[in-house]
2 protein chains.
Amino acid sequence: MNRIALNMISLAFVVFTANAQSDLAQYVDPFIGVDGGGNVFPGACVPFGMVKVGPDCGNKDWNAGWDRDGNIHGFSNVHVSGTGGGCKYGNVLFAPITGELDTHNYSSPRKNENAALGLYEVELSRYNTSARLTALQHSAMHEYTFPAGDDSKIIIDLGSFLASHERQYFVGSEVRILSNTEIEGYTRIRGGWNIGEPYTVYFYAQFDTPAAEYGTWKSHKQMPGEKVQYDTNEMTGAYFTYHTQAGQKVTAKIGISYLSTGKARMNAAEMTSWDFDTVRGECVKQWEKILNKVVVKGTDEQKKIFYTALYHAYLQPVDKTGENSKWASDEPYYDDFYCIWDTFRATHPLFTLLTPTKQADMLRSLLDIYKHDGYMPDGRSGDDNGRVQGGSNSDILFADAYVKGLKGIDYELALEAMIKNAEVAPGDDERKEGRGGITDYNTKGYVSTRYERAGTRTMEYANCDYAIATLAKGLKKKDLAEKYLLRSHNWQNIWNPNIESLGFKGFIWPRLENGSWMNEDDYSVFQGGTWPDFLYETFSWEMSFYVPHDMKSLIEKCGGKEQFTRRLDTYFTHERWDQRWFMGLFQISNEPGFLTPTLYNYVGRPDRTAEIVRQTLRERYNSTKEGIPGNDDSGSMSAWYVFHSLGFYPNAGQNLYLISSPTFEEASIYLENGKTLLIKAKRASEKNIYVQSVKLNGEPLDDCFFRHTDIANGGILEFVMGSKPSKWGINGMINE
Amino acid sequence: MNRIALNMISLAFVVFTANAQSDLAQYVDPFIGVDGGGNVFPGACVPFGMVKVGPDCGNKDWNAGWDRDGNIHGFSNVHVSGTGGGCKYGNVLFAPITGELDTHNYSSPRKNENAALGLYEVELSRYNTSARLTALQHSAMHEYTFPAGDDSKIIIDLGSFLASHERQYFVGSEVRILSNTEIEGYTRIRGGWNIGEPYTVYFYAQFDTPAAEYGTWKSHKQMPGEKVQYDTNEMTGAYFTYHTQAGQKVTAKIGISYLSTGKARMNAAEMTSWDFDTVRGECVKQWEKILNKVVVKGTDEQKKIFYTALYHAYLQPVDKTGENSKWASDEPYYDDFYCIWDTFRATHPLFTLLTPTKQADMLRSLLDIYKHDGYMPDGRSGDDNGRVQGGSNSDILFADAYVKGLKGIDYELALEAMIKNAEVAPGDDERKEGRGGITDYNTKGYVSTRYERAGTRTMEYANCDYAIATLAKGLKKKDLAEKYLLRSHNWQNIWNPNIESLGFKGFIWPRLENGSWMNEDDYSVFQGGTWPDFLYETFSWEMSFYVPHDMKSLIEKCGGKEQFTRRLDTYFTHERWDQRWFMGLFQISNEPGFLTPTLYNYVGRPDRTAEIVRQTLRERYNSTKEGIPGNDDSGSMSAWYVFHSLGFYPNAGQNLYLISSPTFEEASIYLENGKTLLIKAKRASEKNIYVQSVKLNGEPLDDCFFRHTDIANGGILEFVMGSKPSKWGINGMINE
């Protein structure tokens, strides 16, 4: 990384925003979390960038294209970051090669792979070529360096795409060479993780160097000199041949569009310079605006993890405003919600805190999707809804926005969309959108085992119903508010008081259609599950803590404060409960456990919250390629890190931050309204993790929580930290 | 028409098929049924042609584009025929104008409008220009004639489309002038009658005359000399200006594609000649192949109505093989099923009889849609399922195909798709696909009034279940066959024996969720309904006859043969039952009554079948613009006419033709397998409508029905007709 970091510092043209206090770009390392299941995208893009240009490696079955070991095929222009499930995108692949082209196999081993903010670079040892990549919102710049020779080639493969299980399928492609410096075309693909409708990635590319020769291919049949391959549902491609001197560079501006080749051409024009560093500088500048929202005092290592986490949180969803091929609208348009079940908990609350206008834009986009596609998405990609993991968790986003005072949102329409989620069964396929199994939920009060993910659904629906009640109450719709508040207690209908585990009684448990419980000996419910199981990406021990909206009742069900605290202690300390899968009961790597460490706050034990959070930050995050504890899930893991590093964490859907343990002695959050929230944490260190006292704007804050509305206009939050638990916060808290 | 007919005869290059016995093209009058609700498309196309080029008139809110009175805006290249509901298509509009262009209003009154097979022609009096249009499968030829002047223009409006209620919405467009003779681009539209996903109509056009000038526009802002308007979700267009002498022609070849402009260019190349008459001759030739399948002896007026009806039956669905933008497949691909609820009764059985390979292709296409989109469609247009009117009536097509021995169909897959229809609830929106209300139907045995169209759904589902049983039985799946045979009796669950009307007891009646009947005084059930009502496009008197698969039980429920006959008599003779809406109880204008005239055969009264059928043919069909008794519904009304003119009618889904009353003394059906079915009807006339006797291949046929398998290998069917009812057929018939 050092070489890149040095390059960065020399970028004199980088203009910082008014808030900038340091060159924060240097702390972003796009390789953090690319491996070890993090699946983070290591290529170049701007915040929420539609274009994500990076390498596609190995068997092209890695979610972000990049793979530790495999050969590099080339550099495609659209990717996702941090996802699990099947692949999506990896379209419009370019590669610099030499010699005769084998369309079946042109991949190359790599050398000297590097990445920095707005830059990915690598050498392809098979060809002795190298590539530097950078990107703006709808365009990518590829700068290739060739050896001396008459057969240096840039290939454009429109038959390339990522594919694993839940796979993408090729539909069609077209290519048209316009001149010896210009080419356009598209790839059309269907399927992928969200089992989506076909999407078409159009491109237009311009090269700074005229090609000596060119040609195209279709279904691997090469046709030298042929300029056009029209769409016959076959794989096409093209190549430009150059006579190069050693070290000669050929640069391409590539515009990408989901509308047309014409729009792609206009998008390429957003790159006004042919100078790679200038374009990269523009990319970095956009990132600096985000990074400078939070300026922290810490070690370089701390900053590296922190700012890279912040960077990761802003990779998705993707701002496709002006690029909606499905309807014309003046509303913003975002895609690649991947999935809201992952991101409603930490990522979106982070947007609300740092970039509320962007968050409002996303919510407006969700409402526009509802108006045109019938449901707000949980997952959405390639302009199609798909993959509801748990609840209709977009509901939570609107409750969260409402209680935090987000402007510019049609909340009446939001309530309508949320009620549709709650009332209208999506039918086949219930994995696509809406609430699967609500026929049960709305009549029996729980989703019975005749539906998959019955446990996760019931628990999430209860929280989503609370979100509806929250918004309905705000909009003065008393009857609706009461109706959904009542429904929000439905989680209790799958609480089986007779189930016992590790000395604790009462767990959520599968319930049959006829109302009876599933066999009480069936401990698979404690083993974790996936799509077809009772619980999704969690197990009953963990999910039995997941009642973010009704903690008071949960604590009572668990036998009161003391017993609840002991249950939490067991959850966080019990090891190797299942030798096949779990090291500990608590795993931060999946979202259902995200809130659990802060539940200690509800029983007056913020010291335990601090311990668990600090341990997790320390042990599960680092600055290596394996530095993220699981699929980053569109920045979810990263947003969790960002919040807790600052010392608090949202209970999404509520006007509430739970205090954990600030890690920086000082952090300034530059709010969008021009105000600053200054967070001071006296004596904060790896040892001094316990809050001794807190002041908010000079007034003592005895509670272990505060409201978003308390800090929305800035202020000073002063912590005093120590190495021992204190009496601070011992009153705990109850639900609103 | 005469001028055109004379032109036709002079087309010396028309090569007839081996079976051709006369120039049948002359009998096709595309203007029959365009008005009076027929909504037939009067423009030019080939059989199942993807391109249907014709005028868009008036407020552009007529389903086929054409309107009796309004001005003509121009000539767009994609239309549907005979439909009701909201409009679809009307895309990529060309017009020949003169003088300054007003993009808001360039429509013109018309003069000398004419149409013939493969030809539409008209003069635009505002401009003193004229147009001749013809088409091949994926391309149209427009031949424009201009007056003398320096400002003759051809405009291409990519913002134009048809829109009424259930309307289409504009999404985007793009246009690119390639040279002074070439242009390409697209229009993207969503919605329309099937509330479909966006579809994109790409085009490429080449002119035989170089333009003197050209320009483009976006959102009505004209930009002379500007070649490209890229997609910004706005309406775009272009114009070519010519300096013309009086009477100078400019001809355009227009390729249309749903994939890309590149494919559109290839499609334009299917027109190998620039000579309009040559291209039109190719179009006519394709039609002659269809028309010559049936050669009848009759009066010119008879032939005109008959061959135009045959022509209308072959307008839809549309063969889009090679033009599927949603998946790559080697299977045939058909679109514009509009809707199968309309066409399964007569249109598809006609395809099975005359062009079984085409019918098999359509069924393969339905299965390919099932595989990729999850359900077989009832309605489908613009590559998206939408609008289930009654049952999942594609089920009937497969039973029909199976019992009639259609080859090349994966019947196991068909059964799977049919069972999905029957078992998996489509959820929101239940109008899109599958069976709405099956949660009720599969548990209670009927669709309760909590669902819309509960009556129509229950009745159609019962028949569809019979189709499943039929195929399951054929595939030796005994348990499945029994299950669905049992379910096929479900229609009895909404038969209310206590409802009395006009002296008859027992009618289908709305039933509530709790099992009780709707108020017995609610006679709205006898008034006809639409989407949200109990019965769709019918009323209880009519629908209480609709049990095509269980006639024996129905006759019993109605009190036996005598009483059933009296009930039919009342249905066919009672007049002005509801003065607001009905002239008679029986109206051929909607499909639920299609089979009813032949039900007399089931009780041994084929004489009454003959009377009703002949009366309907005589009184409700003619050769005028209002010559079709209702929306032609993708040729449904026309197919009904074709069958009954020949003297028999299918009970779709069963290996069964019911004999009515042949109108031609002789008709030869040239089957696809090379065999001929010769139908002779001695003494057949307007007076001699009663069958006196029948012989099939020389053997007496005493039954008033025969099997498809009896005539699939050709043969001779000899009727002797008379002016009085005879004893023939009095034994009636029972269900298989």
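Residue positions are given per chain, counted from 1 along the sequence in the order it is written. Working convention: letters from A go to chains and numbers from 1 go to ligands, in the order in which they are written. Predicted model: local features are reported for residues with pLDDT of at least 70 only, side-chain atom pairs are reported and counted for 80 or more only, and whole-chain, interface and lining totals are derived from all residues. Neither water nor hydrogens contribute to the side-chain values; these are computed over all heavy atoms in the structure.

### Details of the relation of the copies chain A and chain B
The test is simple: Least squares is used to superpose the copies, and the fit set is the C-alpha atoms of residues whose pLDDT is at least 70 in both copies. Note on contacts: a residue pair qualifies if any of its non-hydrogen atoms lie within 4.5 Å across the two residues.
Taken as rigid bodies, chain A and chain B are interconverted by a rotation of 180° and an axial shift of 0.0 Å, the fit giving an RMSD of 0.0 Å. Taken together, the rotation and translation relating the two chain copies correspond to the operation of a two-fold axis. Residues of chain A ranked by C-alpha distance from the rotation axis are headed by glycine 427 of chain A, positioned 1.7 Å from it. Here 100% of the interface residues in chain A have copies in chain B that are interface residues too; the copies meet face to matching face.

### Comments concerning the sheet that holds strand β30 (residues 705-706) of chain B
Residues and elements named next belong to chain B. Selection criterion: Between any two strands, at least two bridges found by DSSP are needed for them to pair. Under the scheme used here, helices are H or I runs from DSSP no shorter than 4 residues and strands are E runs no shorter than 2 residues, and both carry numbers assigned from the N terminus.
The 3 strands lie next to each other as β24-β25-β30, forming an open sheet whose pairing is antiparallel. At either margin of the open sheet sits one strand with a lone partner, and together these are β24 (648-650) and β30. Bridge count between strand β25 (residues 657-659) and β30: 2 bridges; the pairing is antiparallel. Across the sheet, the residue bridging to tyrosine 657 is phenylalanine 706, located in β30.

### Here we look at the environment of threonine 470 of chain B
All names here are of chain B. Here is the rule we go by: Distance and chemistry together define a polar contact, namely a pair of N or O atoms within 3.5 Å, with one atom able to donate a hydrogen and the other to accept it when in protein, and with adjacent residues in sequence counting only for side-chain atoms on both sides.
Considering the arrangement of structural elements, one finds threonine 470 in helix α11 (residues 454-474). Along the primary structure threonine 470 and phenylalanine 539 are separated by 69 residues, whereas in three dimensions their C-alpha atoms are 28 Å apart. Ignoring sequence-local partners within four residues, the contact set of threonine 470 consists of Ala399, Val403 and Gly653. A distance of 2.8 Å separates the side chain of threonine 470 from the backbone oxygen of tyrosine 466, its partner in a polar contact.

### Describing helix α8 (residues 394-403) of chain A
Residues and elements named next belong to chain A. Selection rule: Residue burial is assigned from relative accessible area. The probe radius is 1.4 Å, only protein chains are included, and a residue is buried under 20% of its type maximum, exposed over 50%, and partly exposed in between.
Counting buried residues in α8 gives 8 out of 10 residues, a clear majority hidden from the surface. Where α8 is concerned, the buried positions are Ser394, Asp395, Ile396, Leu397, Phe398, Ala399, Asp400 and Ala401. Residues of α8 that are buried in the fold lie against α5 (340-343), α6 (347-354), α7 (356-373), α9 (411-423) and α11 (454-474). Among the residues trailing α8, glycine 405 stands out with phi positive, at a value near 75°.

### Side note on the interface of chain A and chain B
Test applied: In this description, buried area is defined as the sum, over both parts, of the accessible area (probe of 1.4 Å) that is lost when the two are combined. Salt bridge, as used here, is a side-chain nitrogen of Lys or Arg placed within 4 Å of a carboxyl oxygen of Asp or Glu.
Listed per partner, the contact involves 35 residues of chain A and 35 residues of chain B. Regarding the contact of chain A and chain B, the summed buried area is about 2800 Å², with carbon and sulfur atoms giving 45% of it. Its largest share of buried area at the contact with chain B, chain A owes to Arg190, Tyr230 and Asp428 of chain A, together 20% of the area lost on that side. Where chain A packs against chain B, one counts 6 salt bridges.

### Points about the pattern of salt bridges
Applying the stated criterion across every chain, the model contains 78 salt bridges over all chains. A salt bridge links aspartate 395 of chain A to arginine 435 of chain A; its shortest N-O distance comes to 3.3 Å. Taken together, the positions of aspartate 395 of chain A in helix α8 and arginine 435 of chain A in the loop between α9 and α10 (438-444) put the pair 40 residues apart, joining distant regions of the chain. Of the two residues examined, aspartate 395 of chain A and arginine 435 of chain A, each falls in the buried class. Each of Glu197 of chain A together with Lys320, Lys326, Asp335, Asp373, Arg380 and Asp383 of chain B takes part in a single network of salt bridges with overlapping partners.

### Details of the packing of aromatic side chains
Note on aromatic pairs: each is described by the distance of the centres and the angle between the planes. The test is simple: Any pair of Phe, Tyr and Trp rings, taking the six-membered ring for Trp, is counted once the centres come within 6.5 Å. Such a pair is stacked with planes under 30 degrees apart, edge-to-face with planes over 60 apart, and tilted for the rest. Definition used: whenever NZ (Lys) or CZ (Arg) falls within 6 Å of the ring centre and also within 35 degrees of the ring normal, the charge is taken to sit over that ring.
Considering all chains together, one arrives at 94 aromatic pairs over all chains under this definition. With a centroid separation of 6.3 Å and 55° between ring planes, the pair formed by phenylalanine 75 of chain A and tyrosine 120 of chain A is classed as tilted. With phenylalanine 75 of chain A in strand β2 (residues 72-76) and tyrosine 120 of chain A in strand β5 (residues 119-124), this residue pair connects regions lying 45 residues apart in the sequence. Ring-pair connections join several aromatic residues into one group, and the members of that group are Phe504, Phe507, Trp509, Phe526, Trp541, Phe545, Phe564, Tyr571, Phe572, Phe586 and Tyr600 of chain A. If you follow arginine 511 of chain A out to its NZ or CZ, it ends over the ring of tryptophan 517 of chain A, 5.0 Å from the centre. Between the NZ or CZ atom of lysine 320 of chain B and the centre of the ring of tyrosine 258 of chain B, over which it lies, the distance is 3.5 Å.

### Structural notes on helix α12 (residues 478-487) of chain B
Residues and elements named next belong to chain B. The cut-off we apply is this: Taken from the helix axis, the directions to the C-beta atoms give the arc we talk about.
Of all the residues in α12, the buried ones are Ala481, Tyr484 and Arg487. Buried residues of α12, viewed axially, fall in a sector of 130°; they line one side. Among the exposed residues of α12, those oriented more than 90 degrees off its buried face are Lys478, Asp479 and Leu486. Packed against the buried residues of α12 are α9 (411-423), α10 (438-444) and α11.

### Section: the pairing of strand β8 (residues 149-157) of chain A
Residues and elements named next belong to chain A. Inspection of the sheet shows strand β3 (residues 93-98) paired to β8 by 6 bridges, in the antiparallel sense. Opposite proline 96, over in β8, you have isoleucine 154 as the bridge partner. The sheet contact formed by β8 and strand β15 (residues 236-244) spans 7 bridges and is antiparallel. If you follow lysine 153 over to β15, its bridge partner there is threonine 241.

### Digging into the sheet that holds β5 of chain A
All names here are of chain A. Spatial ordering of the open sheet is given by β4-β5-β6-β7-β16-β11-β10-β9-β14, a layout of 9 strands whose pairing is antiparallel. Among the strands making up the open sheet, the edge pair consists of β4 (110-116) and β14 (228-229). Across 9 bridges, strand β10 (residues 182-191) lies against strand β11 (residues 196-207) in antiparallel orientation. Bridging across to β11, threonine 187 finds its partner in valine 201.

### Here's the deal with the nonpolar core
Counted only if it meets this: The nonpolar core is taken to be a set of buried Ala, Val, Leu, Ile, Met, Phe, Trp, Tyr and Cys residues, with the residues joined through side-chain atoms within 4.5 Å.
Counting residues in each nonpolar core, the largest one holds 226 residues, and the members touching the most others are Phe207 and Leu646 of chain B. Among the elements that take part in this core, α11 of chain B stands out by supplying 10 residues, more than any other. Filtering out sequence-adjacent residues up to four positions away, phenylalanine 207 of chain B remains in contact with Phe94, Ile154, Ile156, Thr181, Ile183, Phe240, Tyr242, Val250, Thr251, Ala252 and Trp274 of chain B. With 225 residues, the next largest nonpolar core counts Leu119, Phe203, Tyr333 and Met376 of chain A among its residues.

### Focus on unusual backbone geometry
Residue and element names in this part refer to chain B. The amide bond that connects glutamine 316 to the next residue, proline 317, takes the cis arrangement and shows omega of -5°. Mapped onto the elements of the fold, proline 317 is located in the loop between α4 (300-313) and β18 (318-319). With omega at -5°, the peptide bond leading from aspartate 428 into aspartate 429 counts as cis. With respect to the helices and strands, aspartate 429 occurs in the loop between α9 and α10.

### Focus: the packing of helix α16 (residues 606-620) of chain A against helix α17 (residues 636-646) of chain A
Residues and elements named next belong to chain A. Applied cut-off: Note on method: axes are straight lines fitted to C-alpha atoms, helices fitted across the in-contact stretch only, with angles between N-to-C directions ranging 0 to 180 degrees. These descriptions rest on fixed angle ranges, namely under 35 degrees for roughly parallel, over 145 for roughly antiparallel, 65 to 115 for roughly perpendicular, and the rest for oblique. By definition, any crossing whose near helix is turned counterclockwise from its far helix by less than a right angle is left-handed, and any crossing with a clockwise turn is right-handed. Throughout this entry, Asp, Glu, Lys and Arg are counted as charged residues, while Ala, Val, Leu, Ile, Met, Phe, Trp, Tyr, Cys and Pro are counted as nonpolar. The remaining residues, Gly among them, count as polar.
As a packed pair, α16 and α17 sit with axes 11 Å apart at the nearest point and diverge in direction by 125°. Classified by the interaxial angle, the pair formed by α16 and α17 is oblique. Remark: the crossing between α16 and α17 carries left-handed chirality. Across the interface between the two elements, Val613, Thr616 and Leu617 of α16 pack against Trp640, Tyr641, His644 and Ser645 of α17. Considered class by class, the residues forming the contact of α16 with α17 number 4 nonpolar, 3 polar and no charged.

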